[in-house]
Amino acid sequence: MAKKDEAKIKFSADTKEFSAAIKQAGDTMYALRGELKLNEAQMANTGQSVDGLAKKHDLLVQQDAALSQKIEALNGKLEKAREIWGENSQEAQRYANQITAARTAQERVRGQIEAVSDALDGQREAEQRAESALGKLNATIDEQQDEVSRLAEEYKGAVVQYGRTSDEAKGLESALREANAALNDSKSRLADAERACDE
């Protein structure tokens, strides 16, 4: 019995730094899990965004690092347990099981990191496509406004030169109406897109 107690005391003394590292890793992972839950709640309310996904990716990478620290410390404790109690001792088996559990958790986190990276890439591409489409719509509106201004000036000139009921004035009036309708349609699509972005 005294020999067993002596072994426990020696093990505790020899693995104090490993125990501190395991506790620190556990505390870090606890805090990160809380931040991940907050991030998930925020994204549930506001939808996925590049910023939200980047934050989640960051938190998962930190969690992976904490798990690596924990596994390294557990390996140190496992080696000391084997040295003090033997290769097939219950103590050595307990630390081997804890290492397996930590590695399993780390693989899950790495899978989440990969999934979030893919989602982040997809979100970035979607935002770029939306910005590109918005840019094209704004350019179209600018062109249509120029066309409406040009047609309005030509119509005024035709009314002055040929009269309001002339074929030239009527043709320009019709073209001006069509250009105005197209411009209003484009402005309406832009307003819809801006409302969708604000939601």
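Our structure is the block above this text.
These lines cover the structure that appears in this document, whether it is placed above or below. Keep in mind that what you see is a predicted model, and the values were worked out from it rather than measured.

This brings us to the overall build of the protein. In terms of helices and strands, the protein carries five helices and zero strands. Listing the helices and strands of the protein from first to last along the sequence gives α-α-α-α-α. On C-alpha atoms alone, the protein measures out to a radius of gyration of 34 Å, which is more than a quarter above the 16 Å that the 2.2 N^0.38 rule sets for 199 residues. Buried residues in the protein amount to 28% of all 199 residues. Put simply, the protein shows about 13200 Å² of open surface, and 49% of that area lies on carbon and sulfur atoms.

Time to look at the environment of alanine 115. Position of alanine 115 among the secondary structure elements: in helix α4 (residues 90-162). Its relative accessible area of 45% is what places alanine 115 among the partly exposed residues. Note: C-alpha distance between alanine 115 and aspartate 14 (101 residues apart in sequence) is 40 Å.

What follows covers the pattern of salt bridges. Counted by the stated rule, this structure contains 13 salt bridges. Residue lysine 23 pairs with aspartate 27 through a salt bridge whose shortest N-O separation is 3.0 Å. Taken together, the residues span about one helical turn, with lysine 23 and aspartate 27 both in helix α2 (residues 16-46) at a distance of four residues. Relative accessible area serves as the criterion here: at 43%, aspartate 27 is assigned to the partly exposed category. Its salt-bridge partner being lysine 80, residue glutamate 83 comes within 3.6 Å of it at the nearest N-O pair. Here glutamate 83 and its partner lysine 80 are both found in helix α3 (residues 50-85), three residues apart, which amounts to about one turn of the helix. We classify glutamate 83 as exposed; its relative accessible area is 55%. One network of salt bridges, with partners in common, ties together Asp64, Glu107 and Arg110.

Criteria and thresholds
Residues numbered from 1 in each chain as written. Predicted model: local features only at pLDDT ≥ 70, side-chain atom pairs only at ≥ 80, totals over all residues. Heavy atoms only, no water. Helix = DSSP H or I, 4+ residues; strand = E, 2+ residues; numbered from the N terminus. Rg over C-alpha atoms; globule rule 2.2 N^0.38 Å. Buried < 20%, exposed > 50% of the residue type's maximum accessible area, 1.4 Å probe, protein only. Areas by Shrake-Rupley, 256 points an atom, 1.4 Å probe, with all protein chains shown as cover. Salt bridge = Lys/Arg side-chain N within 4 Å of Asp/Glu carboxyl O.

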